[in-house]
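Breakdown of the fold
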Amino acid sequence: MGLTVFDSVLYRDMFGTAEMRAVFCDTGFLARCLEVEAALARAQAAVGMIPAAAANEISAKAKPGILDLERLKRETETVGYPILPLVRQLAAQCGEAGKYLHWGATTQDIMDSALVLQLRTALDLLEADLTAVSAALEALARRHRDTPMAGRTHLQQALPITFGFKAAVWRAPIERHRERLAQLRPRVLVGQFGGAAGTLASLGDQGLAVRAALMRELGLGEPAITWHVARDGLAEAVLFTGLVTGSLAKIATDVMLMMATELGEAFEPFEHGRGGSSTMPQKRNPISSELILACAKLVRQHAALMLDAMVQDFERATGPWHAEWIALPESFIATAGALRQAKLMLAGLTVDTERMARNLGMTSGLIVAEAVMMGLAPKLGRQAAHDIVYDACREAAQSGRALIEVLVENPQVGPHFQRAELERLLDPRNYLGSAGAMVDRSLKG
């Protein structure tokens, strides 16, 4: 029975995805470790360090099915790491060729390179999901480019915007994350091979040739120098997931607030029973948004853990490395879960344009008071115009009258504006600034 949300039968597909779990599960990890061992043998055969026949035999036998997982578990608990027990089992399967296995390598070489192979697949999965989220947001931005709604600052109505503008603002960081992902690949997808203390001393003058051949076999970047205790690449990968989930959490927060009964402007997709309450039949809770927020909070904590794990002692860490085993898989699984929920939510988001219009008009013109102020400013000066409209807003709010009625009666406003001109200024659709143009520009980019 699962003990965490990541392996729970109940929760695992709410906080992750099957595809990402497959990347970081035991089977996936061990397969990548065996892949590295086989690639190392082939690389060493290519430079004449071990017999080609031995490399062929090792490559043929280095498959997860050869491992006795129960024995591997017991021996890993004894040794503290899984590679020595794995090498013992694989070597026994390879017969005479087994004596050339793991030649000149250290445990961390195999585990780090295997992890980077896992990350390569994980980043591919995130890239596909980010592309899908971006497409859903682009569709919303285009569809609602000119749909007016209340913009809010400090949780209060501020000025009119469009929902398309809001969706385009949501999309902008997603596009930057796609750019970041492309940029971080060369820094993160770098293999590891340094030997006991990182110097490849056991391979004599062939160490660098073997390392280069190994990275070609694995399709990974070759490091200029061993990075056993220089963990910035892995930290960057997790910090990237923190940025992604942070952006998704901002979207989720907006959607949750817009789903509030008092606003009712947008809703997660409807499905019978989704977001229901065990006692309140009327409830439609923001389930996807809540899960995205939870995932973002978890990833944020792991981002801090990865920064702490960068502080490693001498040439091999005594503890921080192990913290990565926790933080990195969970961060990627939670990010995949958040992206899955975002795709579900945004692809089927229900937008209530009529409710947006009603909310826009609920202050009877106060939301566009700035338009009147800016209209008066050339005639009276900005500060004087501000003070006049400020007082009019206070009077309208206290009396419950529409702002236009107060302004029409104001002797300082009347000489400059007829009622028709005030009505034009107080129409929220006439005070959207460059919202539409910015939507167009952001979608072109």
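Residues numbered from 1 in each chain as written. Predicted model: local features only at pLDDT ≥ 70, side-chain atom pairs only at ≥ 80, totals over all residues. Heavy atoms only, no water.

1. So, the overall build of the chain
When its secondary structure is counted, the chain shows 17 helices and four strands. In terms of its C-alpha atoms, the chain occupies a principal-axis envelope of roughly 100 × 50 × 35 Å. Here the chain holds 445 residues, and the buried ones make up 49% of them. Taking the intrachain contacts of the chain between residues at least 6 apart in sequence as the baseline, contacts between residues at least 24 apart amount to 74%. Carbon and sulfur atoms provide 56% of the accessible area of the chain, an area that totals close to 21100 Å². A distance of 3 Å separates the average location of the 46 positive side-chain charges in the chain from that of its 49 negative side-chain charges. (Helix = DSSP H or I, 4+ residues; strand = E, 2+ residues; numbered from the N terminus. Buried < 20%, exposed > 50% of the residue type's maximum accessible area, 1.4 Å probe, protein only. Contact = heavy atoms within 4.5 Å. Areas by Shrake-Rupley, 256 points an atom, 1.4 Å probe, with all protein chains shown as cover. Lys, Arg positive; Asp, Glu negative; His and termini not counted. Charge placed at Lys NZ, Arg CZ, Asp CG, Glu CD.)

2. Observations regarding the packing of aromatic side chains
According to the stated counting rule, one finds seven aromatic pairs in the structure shown. Centre to centre, the rings of F24 and F332 are 5.9 Å apart; their planes meet at 40°, and the pair counts as tilted. With F24 in helix α1 (residues 18-24) and F332 in helix α11 (residues 320-347), this residue pair connects regions lying 308 residues apart in the sequence. The exposure classification of F24 matches that of F332, with both residues buried. Measuring from centroid to centroid gives 5.8 Å for F163 and W170, while their planes differ by 90°, and the two rings are edge-to-face. Of the residues examined, F163 reaches a relative accessible area of 0% and is grouped as buried. Ring pairs connect the aromatic residues Y81, W321 and W325, which therefore count as one cluster. Cation over ring: R394 sits above Y390, and NZ or CZ is 4.8 Å from the ring centre. (Phe/Tyr/Trp six-rings, centres within 6.5 Å; stacked < 30°, edge-to-face > 60°. Lys NZ or Arg CZ within 6 Å of the ring centre and 35° of its normal.)

3. So, the environment of I161
One can find I161 in strand β2 (residues 156-162). The exposure class of I161 is buried, given its relative accessible area of 17%. I161 sits 231 residues away from A392 along the chain, and the two C-alpha atoms are 23 Å apart. Excluding residues within four positions of it along the chain, I161 makes contact with T147, P148, M149, A150, G151, K166 and L432.

4. Things to note about the nonpolar core
Formed by 107 residues in total, the largest nonpolar core has its most connected members in F24 and F332. The element best represented in this core is helix α6 (residues 107-143), accounting for 16 residues. The residues touching F24, leaving out its near neighbours within four places in the chain, are L115, Q118, L119, A122, L328, P329, F332 and I333. Membership of the second largest hydrophobic core comes to 25 residues, among which are I367, M373, L403 and L426. (Core = buried A, V, L, I, M, F, W, Y, C linked by side-chain atoms within 4.5 Å.)

5. Quick word on the pattern of salt bridges
Using the criterion set out here, one finds 29 salt bridges in the structure. One salt bridge connects R171 with E138, and the closest N-O pair in it is separated by 3.9 Å. Highlighted residues: R171 in helix α7 (residues 163-188) and E138 in helix α6, separated in sequence by 33 residues. Between D254 and K250 there is a salt bridge; the shortest N-O distance is 2.9 Å. In this pair, D254 and K250 are both assigned in helix α9 (residues 232-259), four residues apart and thus about one turn of the helix distant. Taking the relative accessible area as the measure of exposure, K250 reaches 41% and is therefore partly exposed. Through salt bridges with shared partners, a single ionic network connects E138, R142, R171, E175 and R178. (Salt bridge = Lys/Arg side-chain N within 4 Å of Asp/Glu carboxyl O.)

6. Some remarks on unusual backbone geometry
A positive phi angle, near 55°, is found at H154, a position not held by glycine. Considering the arrangement of structural elements, one finds H154 in the loop between β1 (148-153) and β2. Judged by relative accessible area, H154 falls into the exposed class, the value being 76%. If you check the backbone angles, S364 has positive phi at about 55° while not being a glycine. For S364, the location among the structural elements is in the loop between α12 (353-361) and α13 (369-380).

Everything listed here is a matter of coordinates, which is why it stays silent on function.
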